[in-house]
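# Structural overview
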Amino acid sequence: MIGVSVVVKGTTNGTITDLDGNFSISVSQGQNQLEVSYVGYETKTVNLANKTYLTIQLDEDTQLLDEVVVVGYGTMKKRDLTGSVSSVKSSDITLTPTSNALEAIQGKIPGMDIVRESGSAGSGVKIMIRGTKTLGFTDSKGEKIRNTDPLFIIDGVQGGSYEDLNPADIESIDVLKDASSTAIYGSQGANGVVIITTKKGKEAGGKITVTYDGYFGINGWADYPDPRMGDSYIQLRREAYRTENQWSSPADDINIFSPEEWEAIQNNQ
């Protein structure tokens, strides 16, 4: 394997294997062990025992993820990033019938709060990742200004509006939430980074592929209860005030109805 690390145990004397997996290293007298390590494999200690030629076989480490994530200034195992990187696939996005891709993933990413800006049809959403991390300031009108919006990267291009994207055209949405994963974006990533990747054409082997998405709903009249009228309504008011010890007999009716209601009752209206 190429790029395997070989170090004399207890020292900084080391090398890496070449394209064919070969390596050479000078060992001082009394140094009898080599440490051989590679991502996704168990570190192995090899005893030299005055040998000048070695054949080394590494064993896969099933407890490690073999996937490596590239972050701002280096790499680290994906296991170390599971708390700061979340991903939602296309199949999860299209489960919710909405025209807003971010509203479709509401409640699916830990630490990401997505709230509708208003109840109006077509209104956007307000996004906050792991709380408020931006200091606010007061403008000339005395209004508090604070920007908590994350940075959006759409198909590798910074900026753009996710509201213009059809949720069915999105391949995945990745959310970066910690400083270790947003370092490459500098201060612009302070509120988190949302990376949107859209679908691309795929070779179908000469076959025609058709995809259809459809939604339907049923609307009907609301079933309201029948209103109380006449004596039924009067008795309801009496019982309500009886529980508060404000009514004990019809003589108290004048105290539990407004003047307009009492006049209407007297006139059998």
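Just above, that's the structure.
Just so it is clear, the structure is predicted and the values come from calculations on it, not from any experiment.

Whether parallel or antiparallel, the strands of a sheet pair through hydrogen bonds between backbone atoms. The strand order across the open sheet formed by four strands is 2-1-3-4, and the pairing between neighbours is antiparallel. Because the sheet does not close on itself, it has two edges, and the strands there are strand 2 (14–16) and strand 4 (44–47). Taking each pair of neighbouring strands and ignoring which way they run, the sheet shows an average axis angle of 20°. Note: strand 3 (residues 33–37) against strand 4, four bridges, orientation antiparallel.

Attention now moves to the layout of surface pockets. By volume, the largest pocket amounts to about 580 Å³. Lining the largest pocket are 26 residues, and of these Phe23, Leu34, Tyr53, Leu54 and Ile56 sit closest to its centre. Each residue belonging to the lining of the largest pocket can be placed in one class, and the counts come to 13 nonpolar, twelve polar and one charged.

With that settled, the discussion passes to the pattern of salt bridges. Taken as a whole and judged by the stated rule, the model has five salt bridges. Ionic pairing is found between Asp155 and Lys200, a salt bridge with its closest N-O pair at 4.0 Å. Here the residue Asp155 occupies a position in the loop between strand 12 (151–154) and strand 13 (157–158), and Lys200 occupies one in the loop between strand 15 (193–198) and helix 4 (230–242), the gap between them amounting to 45 residues. Close ionic contact of Arg237 with Glu261 constitutes a salt bridge, the shortest N to O distance being 3.3 Å. Within this pair, whereas Arg237 is found in helix 4, its partner Glu261 is found in helix 6 (residues 259–266), the two being separated by 24 residues in sequence.

As summarised here, the arrangement of the five strands in space is 7-14-15-12-13, forming an open sheet in which the pairing is mixed. What marks the edges here is a single partner per strand, and that holds for strand 7 (85–89) and strand 13.

Cut-offs applied
- The numbering scheme is per chain: residues are counted from 1 as the chain's sequence reads.
- A pLDDT threshold of at least 70 governs which residues receive local features in this predicted model, and a stricter bar of 80 or more applies before side-chain atom pairs are shown or counted, although totals over entire chains, interfaces and linings include all residues.
- Note that water and hydrogens are dropped before the side-chain values are worked out from all heavy atoms of the structure.
- In this scheme, strands are said to pair when DSSP sees at least two bridges between them.
- A run of H or I in DSSP counts as a helix once it spans at least four residues, and a run of E counts as a strand once it spans at least two, with each numbered from the N terminus.
- All axes are obtained by fitting lines to C-alpha atoms, using only the stretch in contact for helices, and the reported angles, taken between N-to-C directions, cover 0 to 180 degrees.
- Buriedness for pockets is judged along seven lines, at least five of which must meet protein on both sides within 12 Å for an open set on the 1 Å grid over protein atoms alone, while cavities are sets there where a 1.4 Å probe fits but cannot get out, and lining residues have an atom within 4 Å of a point.
- Grid points are joined across faces, edges and corners, and a volume is the space filled by probe spheres set on the points.
- Three residue categories are used. Nonpolar comprises Ala, Val, Leu, Ile, Met, Phe, Trp, Tyr, Cys and Pro, charged comprises Asp, Glu, Lys and Arg, and polar comprises the others, including Gly.
- The rule for a salt bridge is simple: a side-chain nitrogen of Lys or Arg has to be within 4 Å of a carboxyl oxygen of Asp or Glu.

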